[in-house]
Every structure is written in structure tokens, then in C-alpha cells.
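Secondary and tertiary structure notes
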There are 2 protein chains.
Amino acid sequence: MTRHVYLFDADLGDAHPKHLLGGKGAGLNAMTRLGIPVPPGFTLSTDVCVHFMEKDGAYPEGLEEEVAAALKGVEEAVGRRFGDAADPLLVSVRSGARVSMPGMMDTILNLGLNDETVEGLAEKSGDRRFAFDAYRRLLQMYGDVVLDVPHHRFEETLGRLKKELGDPSMLDSELDAPALEQLVERYQAMLKEEGATFPQDVQAQLWGAIAAVFGSWDNPRAIRYRKMQGIAHDWGTACTVQAMVFGNMGQTSGSGVAFTRNPSTGEKTLYGEYLANAQGEDVVAGIRTPLALTAAAAAPGKEEQTLEHQLPEVFAEIATHCETLEKHFGDMQDVEFTVEQERPYVLQTRTGKRTAHAAVRIAVDLVHEGAIEKEQALLQVDPQSLEQLLHAQLPTPEELAEKGVEPLASGLPASPGAATGEIVFDADEAERLAGEGRDVILVRRETSPEDIHGMKAAQGIVTATGGMTSHAAVVARGLGKCCVAGVGALHVDYAGQKLAFREGGEEKVFEKGAVLSLDGTHGKVYGGALDVVAAAKVPEFDELMGWADATRRLRVRANADTPRGARKARSFGAEGIGLCRTEHMFFADDRLAAVRCVVLAGSEEERARFLAEVEPMQRGDFEKMLGAMDGLPVTIRLLDWPLHEFLPREEAEYQAVAEALGVGVERVRQRAEEMHEVNPMLGHRAVRVGVTVPSIYRMQVRAILEAALAVRKAGGDPRPEIMIPVVGMASELGRVRSLVDEVATEVFEKAGESLVFKYGTMIELPRACLTADQLAEHAEFFSFGTNDLTQTTFGISRDDAGRFLPEYVDELRLLPADPFAQLDREGVGALVRLACEKGRAAREDISLGLCGEHGGDPSSIGFCEEVGLAYVSCSPPRLPIARLAAAQATLRQR
Amino acid sequence: MTRHVYLFDADLGDAHPKHLLGGKGAGLNAMTRLGIPVPPGFTLSTDVCVHFMEKDGAYPEGLEEEVAAALKGVEEAVGRRFGDAADPLLVSVRSGARVSMPGMMDTILNLGLNDETVEGLAEKSGDRRFAFDAYRRLLQMYGDVVLDVPHHRFEETLGRLKKELGDPSMLDSELDAPALEQLVERYQAMLKEEGATFPQDVQAQLWGAIAAVFGSWDNPRAIRYRKMQGIAHDWGTACTVQAMVFGNMGQTSGSGVAFTRNPSTGEKTLYGEYLANAQGEDVVAGIRTPLALTAAAAAPGKEEQTLEHQLPEVFAEIATHCETLEKHFGDMQDVEFTVEQERPYVLQTRTGKRTAHAAVRIAVDLVHEGAIEKEQALLQVDPQSLEQLLHAQLPTPEELAEKGVEPLASGLPASPGAATGEIVFDADEAERLAGEGRDVILVRRETSPEDIHGMKAAQGIVTATGGMTSHAAVVARGLGKCCVAGVGALHVDYAGQKLAFREGGEEKVFEKGAVLSLDGTHGKVYGGALDVVAAAKVPEFDELMGWADATRRLRVRANADTPRGARKARSFGAEGIGLCRTEHMFFADDRLAAVRCVVLAGSEEERARFLAEVEPMQRGDFEKMLGAMDGLPVTIRLLDWPLHEFLPREEAEYQAVAEALGVGVERVRQRAEEMHEVNPMLGHRAVRVGVTVPSIYRMQVRAILEAALAVRKAGGDPRPEIMIPVVGMASELGRVRSLVDEVATEVFEKAGESLVFKYGTMIELPRACLTADQLAEHAEFFSFGTNDLTQTTFGISRDDAGRFLPEYVDELRLLPADPFAQLDREGVGALVRLACEKGRAAREDISLGLCGEHGGDPSSIGFCEEVGLAYVSCSPPRLPIARLAAAQATLRQR
């Protein structure tokens, strides 16, 4: 017969399967096995829950006998009997699924008390108040959880009693023993009124609690949670019955929490808090202020009151247990313990939360101490948290809230970091003021390529619309500037040179020059100047990165458009440029005038004339880029944007173009007007321009190849890769391939030498994925442009997503995450997978990579590893995150 | 040993496999078998070609012997010998692949002539000029095709001779025998100069010609053609060698073409042309005007000159052959014949081209005559051609070109039909003038929903931008108005109230009131008023449609938004409404003011107030729609458009909204401004509005269900289907499903009765296809919205596609067809297929349909049949096309 009930560590050896015992049960079993003093108990396996659900609340045969036997074991271990009127054993009953579902299911404490045993507990403990306090807590929990009596009925009863006692505002802890006795009586009466009787039979209590725990697996809250987290409904929960211990039995009792290392710095020292004569929940509730565990960490003058001084033997024992646990789990532990009359018990241990700084240090230290392998160390650090180390930061929103500082508005954490400065509404103004040495924050409804110089000059950028991959977000990340994008409450009045935050009828207005602070890591905007903490230097960081590099299979490249960006990327560990966008080059001051003439030319001859002006400058850009990345691949994307992005904006600019072209300004305006597009994202752009206005791509290809030849002439090793964007049909790619080959032949013949370059395509349309086998006939590489692919797969414009996507993700939970931040596996991922398969089938040695924002997101990097891409490419500041995430992905794939 | 050479009908019985003999060879074999007089000949099979290609020009073993034997057979049949100096047999050598590749490969005539045999031919025919004319033609063809001498060399030689003869402009037919003899001599000399000698050995001639024909399978032109048409490269061509006959051997010879029925009307009467003393190419070249075949069809006074009168026995024989051929092939034939000295020969027969009118009549008549089955009749009519019967038409562009009428500009054939009228640039103006009884053509850069009343009033619409599924195109088709969209050369100047067509530096300007004519069937714009031919009434049409309805598996529904549209659809044979768009209802005059307040409301309460105003009107609309389609399903799509589509345009409208909302007009303007979207197609629309502003969908669902209850109360049988647009995630669909269920419960409780309705989704995003299994958990039906699905799969906005897509399709041939007109099987089709599979797997009885423009396209309907959809839905005027195409699809699937 299958066994259903497991006494802690009586039978399971070193195996404590979570799928059977739940997380909590497995942990308690493991600790018991390690010799840690854990209050005795036993676990009803998840199988019981499954049976319970399937058979409409019935238990497997023989369960009662198994529970009785286990309970007997507990009684023996504790030396008290369940229901014994003189010296009763009290137990807790808790849920515990395979994975943590915090707060989703039910728990009941102090089972075993009734009108009789409470007297025995009072006598035995010598503390009548303690006993009745425990009893009234039981009644409340049992009434709520098992008997389903509404919470407010208990509050009313308690309130009425306090009123009768003359002080409606008294704290629960101020109720004395007689008052609690009264309360117990009244609770039981109230329950009867509600048609629900509290069972005096302790066995009935126990089984009532067990049924409630199993039943709570299927409460609507838990079902919703599982749906959201992707937890299977048929796993079921385990149920653990454990002897109660009490930290509130006088000054030699107490409860505390110990971290095995300092969670802020990672320093190897016991760190924690302790509250004498208190139960665990009292520490959490914060009614009394707990003291430091150790004298070293205590506030000056409080050294004597620490556990280390008060109960040195108990402290020493706990310290030993902490060491054992850290060693066993191979990571810093957060240990909850209770001291009952000088006897310490460990109630729970789990991996301790820590700062990024501490995480890096602990992981590296543990390896040096020989406690773990490098692989484990790599898995212990959350790649995303490295963000904290790499950028200036404000205190977290929670920390600020504690100090009473609330944000003016929230938006998307578009580019991490923090900034404080005067607000300006114009890029030129931003540049001017920054030139005077002032810190400015650029505020725009949305940014456009013409704002780039202002973004460079500003400390930070905030926009009213646009998502995680909007222009503002992408450029800010590229520049390493802090940015909060898509702040829905933000209304910008350019004419009035002011902004307003509007929410729920309230409005706060700030004029130009007012000071704001931005938290780009959390997407918050604050009023006034807040303290910005500079990026930290963690000595262990480089070592950890070195291990990551030695471990990962995925190569890591950077998105960079400038020689400066390329050099920075290289210093951050980039192994090439995965995406060099050429449109930013078009915007440089020295050529924008000529570019506008290219766009607005009236004939191909005219266009050729101005392209010839632009060409040497493009060639110069490419020469520097290829030089900076000497020996490493540089993927250059040919023009991607629609031509109307480069149109003049101001009257004077139109004048200049008209003069250069020798036509009337009205004619030029008309041409510009005719270029208007309804949906520019889906319009005449990228390869479509390359095909219909081939002179532009010709110019670019010539500039790339001639630049590469020049670099090689100078002794370098240039590795250009020409990438065609927004391809939807193999025929497009074939047509451009012919163009590229023609230009290459011309260039090489003229130079009298040739060089090897790669030709490939960005995959950013569903149709490209569906016909990837055909594309692979022309393309030597695919680079997944998952920004655009996400837009077209979902049919969501990243620029307009701010109006509904945050609500979808944060409030309605229609999506588990913003698909522009974390790759959507079900939709976009399915297409990527298909494209990889088709691409490989058609060209065995095809090179597959991903560029775009997902390249810096750990979860998305995990996906890239699963489908076997060769590399990811991300913005330079995210390179360390990508390197670590790639290493973790490799380890997880093994 | 495999046989490679087949004498016409000597061996093959009734099987004449095209894959072996090519189309031409198979036809000649079949005719011979039928006892039709065909000049004797034989065919070298496609296998020979394959061998020739694979083995670098070598022939299979034994081929020479086979050819020699076959040639002997021909010599015997004709009674002349190949190369006989006294009475030579002449032959032609022609290519002929499995499917027709017109003009792609080579042909050589008159083989067998040399300096010796030409004299024999001259003597035997008694016509020296004829003999040398034949010889010089051979030299020219052979020189060009086999010897690869440039064409211009022959022209130069001929030109010089004519000059020497004193008349450089003389026609070839004016050259007399001595001149032709001269020419033969000079051609041979010229060939020698070019290093290419014409072989006097007739066997060498024959084999040279055969090699050239096989070689021409792989000329670049043919390869490109096959690529485009999807013809396999390894099929190869057959090669047919046939005795020559001559229509130019005096007045008892001649060439002609006979149609077995009148190709314009379908009338059962022999119809054709004949030219005495002429070869086939002379008829085609149009140097002399051919005469009618029959007296009945002859021009007055020319009756005596017809073949019927001139050679009555020959005519009778040809008429008999025509009858035999029509009967054999079961369709009207286009027969080419030559009469050589009173002996008629049939050279080719093929299915005759005809007007739509004739096609319908012929197909129905043939069934009534017992010549074919109904199934065959259905397959004989091109569904697309029915367009001609249903709309007013201009003469075709070709017909107009013959009369010297050229279009001003071309655009997309967005909505079929023809119109003539004064141009206006404003919808109100169009309505006003039409109200005065004037015919107007509405000219817009692109239309918007606010133009609908003007579109209704106009005879036709022309736009500068927008594709086959742009607003103008979709609405015009719905209204049955002729429309030419996306006229790239059209530049509209609203302020100046004029337009210009600009092309290649030329500009033609038309002011308001100028008269233009539109051809919506071919996408042409003409200046001035052209004659419009009214839609035809073909008596046999209804009978054919009845057969189609009895045959087809696919149901056919219509897209209609108004009760009038619904009634019209029913009269055209609609079996339900597949797409009722609710936004057009929002635009009706009586509610647009309230709708604007809904959009611009400052709070949910305010919005509710104005929704309550709109609700009774929507309910009324639905009541009429459901009533009109009593007993048939009506799929109602909830609001699909972004709210900003309904924003006011003019100052007065803003004022009205501000007053109604009780706020300043500036505030309203600001709200409107904040709703601006960069890519509205991918923005906050459809289900995204339904989820974030649920009051709108609630109102719509309530209106639908209450309308249905009212219709039933009145004795009707309403069958509403609620369809949610632009769904990308199952969670969206689930959320709206809850909303719908809530509203339904309210409505049914209030009414004290309930009714059955269906809930489903439009599938128009790639992600919806990829997660269709999840969607099917909520949806009882899918309706593929392939317009939007094409946009997102390709990443092409239909509104902006006009800038490059026509060039892609027409000039560059990067795509075989406009994917908005003909469903793209490789991309969009793959997603539809996947969604069908996933949908069915998750819900066995899921109903699958397609709405949108592809629902009226025969090729796309074929795809719908292949994937097993239940129905297609199209605009009412295309219903007959859809019904016939669906019947053909069913027959082809069998």
C-alpha cells in the first residue's frame, strides 16, 4: 500500500521530494535529518490532496490510522499528548505545495486546545493569559478558515468587549487573562449564533483543519494564482502537522530571524533580529522593536540586550545551526527560530534575499570558501539585479515611501538609473543649459530622432507616451541615460512650457525650470531633488563575470551605432556588434541637410548627387566602427526607417532644401506632405525602400565595403555583415542580394582586391518566420529583431502600447509580462522556433542571433539558449546582465 | 527499351499524355485519332529533353533510328521525301511543354529546303516566288535560332537589298521572285561572314533544329517564366516534327480561324475569319483584312467572298471538324486551319476565349445539348469574369487604346464598375450636387468614415493613396460603387479645389467640375465622358448559379452593415451575414454627436450617460438587421476601430461636444489631442478598447441581445453571433466572455426568457493563429479576418501599401499577386491552416469561416475549401462570384 503520511525524517533518508511533501514539508524533513532542532511533526503527502479533490473530499483508505500513528510519534518526541487535559500537545496544520504560493492557502495554529486542555496549558505554563490568548487565536482562525464565519464577526465581538472594558482603542496585547477568558466564551457563543460550533473534540479539530487545508487548494484565489504562475492544478498541496512551540513563555523565550551573512554587503557575519517573550508574528507585526542578534551589530548602548549577551549558549547553538544550514544549502540562509524557555527551535530556513552587491560577494566568497562550485555561484545571482550595480540609483520606491516620499506619477522603467534636474521641453534648450553646466531633465510627449542631441545632454528623459521599445527608451538605453517612458498621467504643454500630472481629477503643474527626480529603474517620477546614489563598485564582480564568460555557450554582442558606443561595448565584454543602425548616422549634423535633399529629390539624378555627398561620411563612420571592433563581427543594418523620418521640420529647413534643389519651397512642402503615412511602422520603409529606391542601399553597401577595405589596408581585420531589415519575402532578399553582389563586384574590381563579408536578414515579420526556409537560400545569417516581430505578431505598436498594455499586464494580468520586455514564448517564441528550424533545414551552417531589447533580458536569453541561437545582442549597459544570464541558461540547459 | 518518338496516333490509343508529348503533341495526336485531317508528324518525348539536359546535349541511344523511322512514316503519309530534290517534304520543328509557355521557346518552319530542293518546290508548286519566300524565311529562322546570328544582321541585309531595288520602304510581300532569290543568296553570304554556315544537308538541318528546341527549354527567358509560374525545371519540353502545309499556294489555298460558337454572345453558330492565299501568320499580322467565314456573319455585300461561298465543300468539311472537336473537348473551340489547294488541314485547336456573357450561355447550352455534365459547365466559367455581368462597364483598356483613348493614370481596381461625372473634392459637396441630379466623382487623397455620405452620393470614387482593402475600397465595394484607389500619379489640392496627374515630369491639371471617367474593374482614370455600358442580363445566369449552389460545400455569407445591405445580400444569395461592422452604425447622423461625447467623456459616469443615448439606436439597427436575415446567422463584430476615429473634425463639432460635456472646448481639444496614435492600426482599438473601457462592449452586447429578443417576440428567428475583433490572447477573449455572460444574464433575467447566441472571435493577428487552441476554449467560432491578418503577417499597412506594393507585384514581380486581393498561401495561408488545426483540436465542432475581401476572390476561396472552412463572407456584389468559385472549389477537391 502507498504510504501517505511521513514523520519528519523518520523514513525518507536524504531524499525529501517536494512533489510529495511540498516545499515546507521537504524543508522540515531536511532540517530534522541535519540534526537541527525542529519541532516534531509529520506531513500528509500531496497524493492525499489529489485523492481528496478527485473523490469529493474523501481520504485514501488507511489514512486515519497513518495519521494516528504519526501523531503518536510526535507525542512521544515532545512528551505531551494531543488532547491531554493536564499537559496538552498543541499542533499547527499548514499547507505547502511543490512551489511556494505565499498567502494563497490556509494555516491553523494552536490546535488541541479546548475548554479543558486550555486549563492544563495555563497550569503547566504557569501563564493563564498565554493559554487563553492561544485559545482565542485558535477560535478565530478555526472559525474563519474551517467554519467559514466572516472575519468581521470576530472583530465586532472583540470590539464590543473592548468597549465594555472601557477602552475601545486598547491593543489586543493589553487584554489581560480574565478579558481573554471572556473573549473565548463570547467567540464560542458567536460561532453558535452563526450556526457553526467549535469542536471540543481535538481529533475533530485536527481533521477539520486538514480538510480545510486540502480544500483551500481549490479556493478561487489559489486557482487564479496558479493560472497566472503556470502551476498545474493537479499537483495538489501537502499538509504538515507540527508541534507548536512558543516564544512568548517569558524572558527566556523569544523569536528571531537570522541571516547567515549580511544581506546588504554580503559580509560573512551572522546578522539578524530577536525579540524576547514574543511569537514570530510579533516580530513581523512590529509592535515592539526587535534588537540586533549580535553585540557587533547592536545600536550603541544596546549591546547588553542582544541574544548574544542574554542567552549566550542559545545564541551559540543558533549560530551553529545557521552554519550547518548554509553549508547544506550552499547559500546564505534566512532562518526563523523560536526559543521556548531556553530551548531554540528552527521553524524555517530559506534562501535569504539580498542586494545585488551582497549577491555578487556572497556567491564569489562561497566559491572561495569551497562551499559551492562556480556553476552554483553563477546560478545564485539574479542577472537582472546587476542593474543596481551598473547605474546610479535612487532609494527604492518602498524605501522612499517609508520616508513619506511618494512619486508624482509612474511610467515604464524604460532605461535604468536615476537623475535629478530642471525640466526643459526642448532638445536645443536641454543642450544649451547642459552646456552651462546645469543638470536638466528632458520632458517630451514622445521623442523623435531630432531630439537625440538633447537626450545626450540631459541627465534623464521622461515621456508621456511610448513603451519599453519606443524611441525614447531605445535611445536612452543606448546612451546609458535614465528614462521613464509612457507616463500616462503626464500632460505636456509645449506652448505654455509647462507640464501637468493629472490623476483622478487632481492636477499638479510644473513650469520649465522646476526640479524633478527620475527613477528609471522602477519607472517613477518624483518632485524636487532626491539623493542619487552613484553606481557601486563590487570587487568580486569581475571574477564572477569571468566565470560567466567561461561557462556560457551563447555569444554576446552589443547594439551600437557609434565608434564611441562600440568601444564602450567592447569594454563591457561585447564579442561583436549585433546591430549597428545606420539611420542615426543619417542624422548627424554634417549630413542631415544632404539627407533631406536625398529624400525630397525630384529625380533619380538629383538624388544621386546628394547621396554622393553623404557617402564619404557614411564610409568614414563605418571605417571607425569596423576599426573599433577589429577582429569582431559588425552587423550593419541598412536603412530601416521610412524616408519621411528625415523630413525637415522647420520653415528654415524647408527653405534650405528648396534652395539646394532649386525649386520652390511649396513644391518641396508638397512632396513632403505626400510622404505622410497612416501607419509608418507598416509602411514604405527598410527593404521596401531598398527595393524601390535602390540608390540608397547601393550607396550604403559601397560605403561599407570600401570602409572595410580601408580598415584592412591599415592592418586591421574588419568583419562586416550586411543585414537587410523588414524582409517579408524571399524575393526581396534575392533582389537586394543581386544589388549587393553588383556593388561588391564594382568595389572589388576598382580596388583590385576583395574581402569576405556576410549577407543576411533581420527576421522581424511573421511572414519571414513562416518562409524562413526560402529566406535562408539567400541569407547567410538571421538576426531576430524581436521588437518588431513582437509588434507584428501581437498587432501592437510599441509607440501606442502605453494606452493599454500596462493595464493588461499590471492590473488585469491578461499577460504575464510586457512582451516588449520579456519575449512572449507562446506567440513570438513559436515563430522564432519555427524560423530556426526552417532556416537550419535550408542552410545547415546558418548563423542565428537575436538583436533588440530582448537580448538583454534574462528570461528571453533563456529562450535563446533553448532554441540554440549563436548569440544575443543588447545595449552596452546590459551586457553584464546578458553575460550572466547566458551562463545561467547554459547551466540550465545541461 | 523505352520509346522516345511517337508518330501521330500510330500507337497511343486514346491516351495522349501531356507530360510525355507536351500540350501541342498531345493535341495533334488527339486530333489525328479523331480523324481530323492534321498534317502528319511525330513527337520526340519530354524524356529526350531531360536526357539532353542531363547529359550535356547528348541523345538517348537509338534516337536517330527512331526519328528516321518516324520521318519515313511521315514521308509515306504525305507522299513526298525529305530532301527530295524534285518534290521535297518540308517540316516544322516546334517545342511544346506540358503546360503552355507562350513565346518562351523556339520554332523553326520550312526545314528541308536547300539550294537544290527549293528548285524542286518551285517547279512542283508552279510558284517560284512562293518557294524562295519559304527558303528565305527558313534561312532567317534557322540563322537566328540555331546559328545564333543577331536579328539585326538579317534586317540590315534585307534593308540594303530594298534600297538597291530603289524603294527602302517596300513591303516584304512586294519582293518578287528574283528579289527573293537575291535575298537567299545574300543571307547565306552574311551567315558565312558571321562564321555560321547554313547546312545544305537536310538531316543536319533537322537535328540542328531539334537541338535548338531542346536547348531553348533552358534559355534565361524560359527559366524566369517557369520560376514565376511555378513550373518545374525538370519537366522538359517535347519536340514535334510535322509536315508543312501551305495556305499561300493560290486562290484555292488560305488560312483561317473558326470559333465553334460566337465568343461574344455564346450563340451556337460557326464564327470566324478566313484569308485566301495566305499563311496563318499573315492572318495574325493584319496586313490584309480577313473576311468572315460565313455569309451570315459577313459585312453587307461581302457575302460572296466568304469561304462558305467560295469553297463550300471545304467549308462544310471544316464545320464538321469543328463540331467533332467541340464535342470531343466538351467546350467551345478556337480552331486554326489551313487550306492547301482545296484540302483543309487543322493545325491547332484550343478552348476559345469568350466574354463572360458568352461563357455563361455556352456552359448552360452545352449541358442542355447533353454535351457535358453540370459539373463540367461550372468549371468552364471563370468566376472572376462574372464581374463583367454585374456592373456597368467601360470598354476594356485595350479596346479604348485601339480607338486612341489612353488613360490619364492607373491605380488599383478597388471596386468594379464604371462611372462618369464631374469631379468634387468634398463629401458634402458631392452630396449637394448629386441632390441636384448631377453625376459626380468624389476625389480624395484617401477617404475616411466621414466621407461615407459623399461616397454614397457619388457615381464613383478615386483616391491617391490606399490599397485594395483601404477604407475607400472596402466601403465602395460595400456600396457597389466603382472605385479606383491608390492612384500614385494623382495629387489632390484641396485648398485649390483641383487635382493634378503627374508622371515623368508631365502634369495634367483638372479643376473642380471637370469631367472624368473611371474604370473600377481595371483601375483606370480617363479624361472626359466615355460611354458606359450598363450591366448585362444573361438569361442563363440564374440556372448556372442554381447548379453552383447545389454543388458547393462552402456556405456563402455577405459583409453588410445596414438592413438595406442585408436585404440586397439575401437577394444575391447570401446564407447569412458573416461580418456586420458596428462602427458604421456609430457614424449615423442621429448619433454621432452622442458617440463623440462617449469618446471624449471625462469620467465613466459621463460616458455611461451618452452610451445610454446611443443604445436604443444601436438596438434598432440590430433589430432591423436580424429581422432582414431572419432564420440566418448574423455575425456582429463589436467595435473594432480606435475611438479617435470618431473625434470631431470641425470647430463647431468641438463646441457641441464641449457644451454637451459642460467643459471648455480647450479641455476637449486636449483630450482629443492626447488620443493621437502613431500607428492606429496597431493601437488602442477593438478588444483592447472592449477590455479597458468595458462600458462600450456592454452596451453593444445588450443592444444585440435585446434586439434579438424583440425580433423573436415579433415571430422571427434571430440568430446573432457576437464576434470580438483583434484578439491576440486567450485571456482577452476570456475576459470579454465574462462580460458578455454577465450582460446576457441581466438581459435574460429582465426579459424573463433567454435565447441562444454564439460567441466567437475574428482571427486577424499572427498571435491569434499561433494560440488558436487557447482561443478555442472560449470561442465557438473563428472568422478569419484576412485583411488585417495579411497586414500583420506581412507588416504592410493597407493604407500605405500603394507606395510600393503595386511596383512589387506588377513591375518587379516579387509577389505573384496583391496579397490583399488574393490570399497569400505561403505566409497568411500557413497561419490560417495552423489556426484551423489548433482550433479543431481544442473544440471539435468549432465553426470556421472567413470574412474580408478574400472571401470574394476565387483563388482564395479555393484555399478556404482546401482547409475545410464552413463559409466565406464577401461584399454583396461579389456573392455570385463566390458561389461559383465555391462550387468549383468543391469539384476540384473531389
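Residues numbered from 1 in each chain as written. Chains lettered and ligands numbered in written order. Predicted model: local features only at pLDDT ≥ 70, side-chain atom pairs only at ≥ 80, totals over all residues. Heavy atoms only, no water.

All names here are of chain B. Taken together, eight strands build a closed barrel; the order of strands is β24-β25-β26-β27-β28-β29-β30-β31 and the barrel is parallel. Along the sheet, successive strands turn relative to each other by an average axial angle of 25 degrees, direction set aside. Here strand β29 (residues 781-785) runs beside strand β30 (residues 847-851); their pairing, made up of five bridges, is parallel. By the bridge assignment for β30, S783 is matched with G849. Packed on one face of the sheet, helix α28 (residues 694-713) meets β26 (633-637) and β27 (719-724) and runs near 170 degrees to β27. (Pairing = 2+ DSSP bridges. Helix = DSSP H or I, 4+ residues; strand = E, 2+ residues; numbered from the N terminus. Axes fitted to C-alpha atoms, helices over the stretch in contact; angles between N-to-C directions. Contact = heavy atoms within 4.5 Å.)

Applying the stated criterion across every chain, the model contains 33 aromatic pairs over all chains. Aromatic pair Y274 of chain A and F337 of chain A: ring centres 6.0 Å apart, planes at 5 degrees, arrangement stacked. Of this pair, Y274 of chain A sits in strand β9 (residues 271-276) while F337 of chain A is found in strand β11 (residues 333-340), placing the two residues 63 residues apart along the sequence. Comparing Y274 of chain A with F337 of chain A shows no difference in burial state: the two are buried. Between F586 of chain B and F646 of chain B the ring centres are 5.6 Å apart and the planes differ by 45 degrees, which places this aromatic pair in the tilted class. Of this pair, F586 of chain B sits in helix α22 (residues 583-586) while F646 of chain B sits in the loop between β26 and α25 (651-661); the two residues are 60 residues apart in sequence, bridging distant segments of the chain. Classification of F586 of chain B by relative accessible area gives buried; the value is 5%. Overall, the relative accessible area of 1% leaves F646 of chain B in the buried class. Taken together through their ring pairs, the aromatic side chains of F52, Y59, W207 and F214 of chain A make up a single cluster. (Phe/Tyr/Trp six-rings, centres within 6.5 Å; stacked < 30°, edge-to-face > 60°. Buried < 20%, exposed > 50% of the residue type's maximum accessible area, 1.4 Å probe, protein only.)

Turning our attention to the packing of helix α34 (residues 825-842) of chain B against helix α35 (residues 858-866) of chain B. All names here are of chain B. In contact at an axis separation of 11 Å, α34 and α35 are set at 35 degrees when each is read in the N-to-C sense. When you trace α34 past α35, the crossing you get is right-handed. Residues R825, G829, V832 and R833 of α34 pack against S859, G862, F863 and E866 of α35. For the contact of α34 with α35, the class distribution of residues is two nonpolar, three polar and three charged. (Left-handed = near helix turned anticlockwise from the far one by under 90°. Nonpolar A, V, L, I, M, F, W, Y, C, P; charged D, E, K, R; others polar.)

What follows deals with a positive patch on the surface. All names here are of chain B. A grouping of K456, R564, R567 and K568 is seen on the molecular surface, where their side chains present a positively charged patch. With three residues, the single largest contributor to the positive patch is helix α21 (residues 563-571). Within the fold, K568 resides in helix α21. Overall, K568 belongs to the partly exposed group, its relative accessible area being 31%. (Patch = residues over 30% accessible without salt bridge, like charges linked within 9 Å, V, L, I, M, F, W, Y side chains within 5 Å. Areas by Shrake-Rupley, 256 points an atom, 1.4 Å probe, with all protein chains shown as cover. Salt bridge = Lys/Arg side-chain N within 4 Å of Asp/Glu carboxyl O. Lys, Arg positive; Asp, Glu negative; His and termini not counted. Charge placed at Lys NZ, Arg CZ, Asp CG, Glu CD.)

Next up on the list: the relation of the copies chain B and chain A. Under the fitted operation, chain B is carried onto chain A by 0.2 Å of movement along the axis and a turn of 180 degrees, and the coordinates agree to an RMSD of 0.3 Å. The operation mapping one copy onto its partner corresponds to a two-fold rotation axis. Most of the interface of chain B is mirrored in chain A, where 100% of its interface residues again form contacts. (Least-squares fit on C-alpha atoms with pLDDT ≥ 70 in both.)

Bringing the pairing of strand β15 (residues 418-424) of chain A into the picture now. Residues and elements named next belong to chain A. Burial of β15 is extensive: seven of the seven residues sit out of reach of the surface. Pairing of β15 with strand β22 (residues 515-519), which is carried by five bridges, proceeds in the antiparallel orientation. Of the residues in β22, the one forming a bridge with E422 is V515. Alignment of β15 against strand β16 (residues 440-444), held across three bridges, turns out to be parallel. Looking at β16, one finds that V424 is bridged to L442. For the handedness criterion, the β-α-β arrangement of β15, helix α17 (residues 427-435) and β16 is classed as right-handed. (Right-handed = clockwise from strand over helix to strand, strands pointing away.)

Residues and elements named next belong to chain B. Note on placement: Q188 falls in helix α7 (residues 177-193). Look at Q188 and you get buried, because its relative accessible area is 14%. Looking at Q188, its side chain comes within polar contact range of the side chain of Q200, at 3.2 Å. (Polar contact = N/O pair within 3.5 Å; in protein donor to acceptor, adjacent residues only side chain to side chain.)

A few words on the packing of helix α5 (residues 128-145) of chain A against helix α7 (residues 177-193) of chain A. When two helices pack together, their arrangement is captured by the angle between the axes and the distance separating the axes. Residue and element names in this part refer to chain A. Closest axis-to-axis distance for the α5/α7 pair is 8 Å, and the angle between their directions is 20 degrees. As summarised for this structure, α5 and α7 are arranged roughly parallel, according to the angle between their axes. Of the two elements, α5 crosses α7, and the hand of that crossing is left-handed. When α5 is examined against α7, the residues R128, R129, F132, D133, Y135, R136, L139, Q140 and G143 are found in contact with a partner set consisting of A177, L180, E181, L183, V184, Y187, Q188 and L191. For the contact of α5 with α7, a count of residues per class yields nine nonpolar, three polar and five charged. (Parallel < 35°, antiparallel > 145°, perpendicular 65-115°, else oblique.)

Residue and element names in this part refer to chain B. Notably, D56 is not glycine yet its phi reads approximately 60 degrees, a positive angle. Assignment of secondary structure puts D56 in the loop between α2 (46-54) and α3 (63-78). Unlike most non-glycine residues, N277 shows phi in positive territory, near 50 degrees. Locating N277 in the fold gives a position in the loop between β9 (271-276) and α10 (280-285). Judged by its relative accessible area of 27%, N277 is partly exposed.

Our focus in this paragraph is the confidence of the model for chain A. Of all residues in chain A, 98% have pLDDT values of 70 or greater, and the mean over the chain is 91. ipTM for the predicted complex: 0.81, alongside a pTM of 0.82. (pLDDT = per-residue confidence, 0-100.)

So, about the interface of chain B and chain A. Contacts between the two partners involve 52 residues from chain B and, on the opposite side, 52 residues from chain A. Regarding the contact of chain B and chain A, the summed buried area is about 4,900 Å², with carbon and sulfur atoms giving 55% of it. Summed over the three residues of chain B that lose the most area to chain A, namely L682, R767 and R803 of chain B, the buried surface amounts to 13% of that side. At the boundary of chain B with chain A, the tally comes to ten salt bridges. Of the charged contacts, one joins D824 of chain A and R767 of chain B as a salt bridge, the two residues approaching to 2.7 Å between their closest N and O atoms. At the junction of chain B and chain A, the tally comes to 35 residue pairs in polar contact (both at pLDDT 80 or more). Within the residue set of the side of chain B that touches chain A, elements represented by two or more residues are α26 (665-674), α27 (687-692), α29 (730-751), α30 (766-770), α32 (786-794), α33 (805-811) and α34 of chain B. (Buried area = accessible area lost by both parts, 1.4 Å probe.)

Residue and element names in this part refer to chain B. Per the stated rule, a full pass over the model turns up 120 salt bridges over all chains. One salt bridge connects E651 with R669, and the closest N-O pair in it is separated by 2.3 Å. Of this pair, E651 sits in helix α25 while R669 sits in helix α26; the two residues are 18 residues apart in sequence, bridging distant segments of the chain.

Let's shift gears to the sheet that holds strand β24 (residues 555-559) of chain A. Residues and elements named next belong to chain A. Pairing is parallel in the closed barrel, where eight strands are placed in the order β24-β25-β26-β27-β28-β29-β30-β31. With direction set aside, neighbouring strand axes in the sheet form an average angle of 25 degrees. As defined by bridge partners, strand β26 (residues 633-637) adjoins strand β27 (residues 719-724) across five bridges and the pair is classed as parallel. If you follow R637 over to β27, its bridge partner there is M723. Sheet strands touched by helix α29 (residues 730-751): β27 and β28 (758-763). Its angle to β28, the strand with the most contacts, is close to 150 degrees.

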